Amino acid sequence: MFNTPFFCHLKQRFTHTLWEADPGYLHLRQGGRTLIAAIATLLICFWPELYTRVLACFAAGLVCQGISDAKISSQKASFAISAVALLANFTLVSYANPYPLVMAIIIICTSFAVFALRSLGPRYALFPLFVWIMGFMTSIFPSVTGFAFIMRLGCIALGCGISFLVYFYLLPPRPLSYFFKNIRYFIILVHARSLSLEQQLQQPNPFKTKGKHSLQLRRSLRKYYLHNQTILESFEVANSTRKNLFFSLLATHYLAGKALLMLQDNLIALAHSPLIEGSEIKTALRQSLKEMSSFTQNIHVDSRELKIVLKDKCLAYPKSIHTLKELLEKSTLSITELVPLYQFINSLTELCDCLCAFTDEPTVETKEPVYAQ
């Protein structure tokens, strides 16, 4: 039942929409880590009093949310610093809690320290604030001493340890395959946008809301590219050949996105020029967009094998480019009036060349898996 074309299409639409909203499932994975760490801490620390369990769950969630570094080694170092600072702040606030004046001085000093630390770099962007929040939560809960304090401190430390296991082992930082998944979804975006532009071109008055189309496309392209850029910045690749290959793919990704954006802008400008009145040119434009969408389906991105190949190497990119060039040469209009068509042909050619360049790169060796956040 669930293997029918309808459900397969529905699943693809859902995963594509989810990836479009959150590339790499960054926020979803981070929220999942936080929730799992808090629930696991609550289930394991079942014997202490309620306030102790609440603080332990709170600590487990805070250290998960406080990591903002790119490289995996920096993340682990930040995690350790965050956990130690959180335990130290909890201890300090717990002992100062019975003394209101001392408590006020500590809260004020830590508040200024938070803003001072956040200016030191990305590593200190989040967790100092969460350490301060932990101290504030400790100050409003009933204070404990003696064995009860040691138990509370131990439960909080246990929560940090559970959070570490969840963050780095249960839901580990994303693998390199996400880089290729972004490229795959980008190619799907090229396919969908080509069909959308072709449908818009069929309308009597195409591209009424041209600003909306450009804004949506820019937002999608920015998400995919920035996510891939972050992935590459997260890797510690010793092999310079592999590193150059990754950055070559990233550069191709950027150029292809820029070409797609220019293609759309040039087509919108062309649709509002006198050239579009000729049925022959309009037919060639629609044909070129159809061929572009078909060409994208010939590109196969394997995120597990980390490679991009052409399914049919004999299938060349859109032949209608030559038709458009012939129409450009035969046209009797002035050079100024032919500029939109010339720009469209250039952007279409550049986009095709960039998509072909994805498949020209050699296969990435997968013997040494590398991980990013």
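Quantities reported herein were computed from a predicted structural model and do not represent experimental measurements.

Let us now look at a nonpolar patch on the surface. The grouping of L35, I39, L43, I44, F46, W47 and L158 at the surface amounts to a nonpolar patch, some 750 Å² of accessible area in total. Ranked by residues supplied to the nonpolar patch, first place goes to helix 2 (residues 26-44) with 4 residues. Within the secondary structure, L35 is located in helix 2.

Let's shift gears to helix 4 (residues 72-96). If you check helix 4, its first and last C-alpha atoms are 36 Å apart, about what 25 residues at 1.5 Å a residue would give, namely 36 Å. Buried positions along helix 4 lie against helix 3 (50-65), helix 5 (100-118), helix 6 (127-140) and helix 7 (147-170).

Attention now moves to the pairing of strand 2 (residues 307-310). On strand 2, burial follows the alternation: I308 and L310 on one face are buried, whereas K307 and V309 on the facing-out side are not. Summarising the sheet, strand 1 (residues 299-302) and strand 2 pair through 4 bridges and their orientation is antiparallel. Residue pairing for strand 2: D302 is matched across the bridge by K307. Counting the residues between successive antiparallel strands, the hairpin from strand 1 to strand 2 contains 4 residues, one of them, L306, with a positive phi of roughly 60°.

A few words on the packing of aromatic side chains. How two aromatic rings sit relative to each other is set out by the distance from centre to centre and by the angle between their planes. Counted according to the given criterion, the structure contains 16 aromatic pairs. Here W19 and Y185 contribute two aromatic rings whose centre-to-centre distance is 5.0 Å and whose plane-to-plane angle is 20°, an arrangement assigned as stacked. Of the two residues, W19 sits in helix 1 (residues 5-21) while Y185 sits in helix 8 (residues 177-202), which places them 166 residues apart along the sequence. No difference in accessibility class separates W19 from Y185, as the two residues are buried.

Before going further, it helps to spend a moment on the pattern of salt bridges. Tallied over the full model, the rule gives 3 salt bridges. Its salt-bridge partner being R286, residue E198 comes within 3.1 Å of it at the nearest N-O pair. Taken together, the positions of E198 in helix 8 and R286 in helix 11 (residues 279-297) put the pair 88 residues apart, joining distant regions of the chain. The shortest N-O distance in the salt bridge between R218 and D265 comes to 3.9 Å. You can see R218 sitting in helix 9 (residues 210-234) and its partner D265 sitting in helix 10 (residues 240-271), a full 47 residues away along the chain. The class of R218 is partly exposed, set by a relative accessible area of 45%. You can call D265 partly exposed: its relative accessible area is 23%.

Another aspect to go through is the confidence of the model for the chain. The share of residues in the chain with pLDDT of 70 or more is 89%, and the mean pLDDT across the chain is 82. Across the chain, the secondary-structure element scoring lowest on mean pLDDT is helix 1, at 76, and the one scoring highest is helix 7, at 92. Residue range residues 366-373 is modelled with pLDDT below 50. Its contacts to residues more than four positions away, or to other chains, number 29 contacts.

Quick look at the state of the cysteines now. Among covalent bonds in proteins, the disulfide is the one between the sulfur atoms of two cysteines. Throughout the structure, instances matching the rule amount to 0 disulfides. Not part of a disulfide, C57 finds its nearest cysteine sulfur in C45, a span of 7.4 Å. The class of C57 is buried, set by a relative accessible area of 14%.

What counts and how
Residues numbered from 1 in each chain as written. Predicted model: local features only at pLDDT ≥ 70, side-chain atom pairs only at ≥ 80, totals over all residues. Heavy atoms only, no water. Patch = residues over 30% accessible without salt bridge, like charges linked within 9 Å, V, L, I, M, F, W, Y side chains within 5 Å. Areas by Shrake-Rupley, 256 points an atom, 1.4 Å probe, with all protein chains shown as cover. Salt bridge = Lys/Arg side-chain N within 4 Å of Asp/Glu carboxyl O. Helix = DSSP H or I, 4+ residues; strand = E, 2+ residues; numbered from the N terminus. Expected span 1.5 Å × (residues − 1). Contact = heavy atoms within 4.5 Å. Buried < 20%, exposed > 50% of the residue type's maximum accessible area, 1.4 Å probe, protein only. Pairing = 2+ DSSP bridges. Phe/Tyr/Trp six-rings, centres within 6.5 Å; stacked < 30°, edge-to-face > 60°. pLDDT = per-residue confidence, 0-100. Disulfide = S-S within 2.5 Å.

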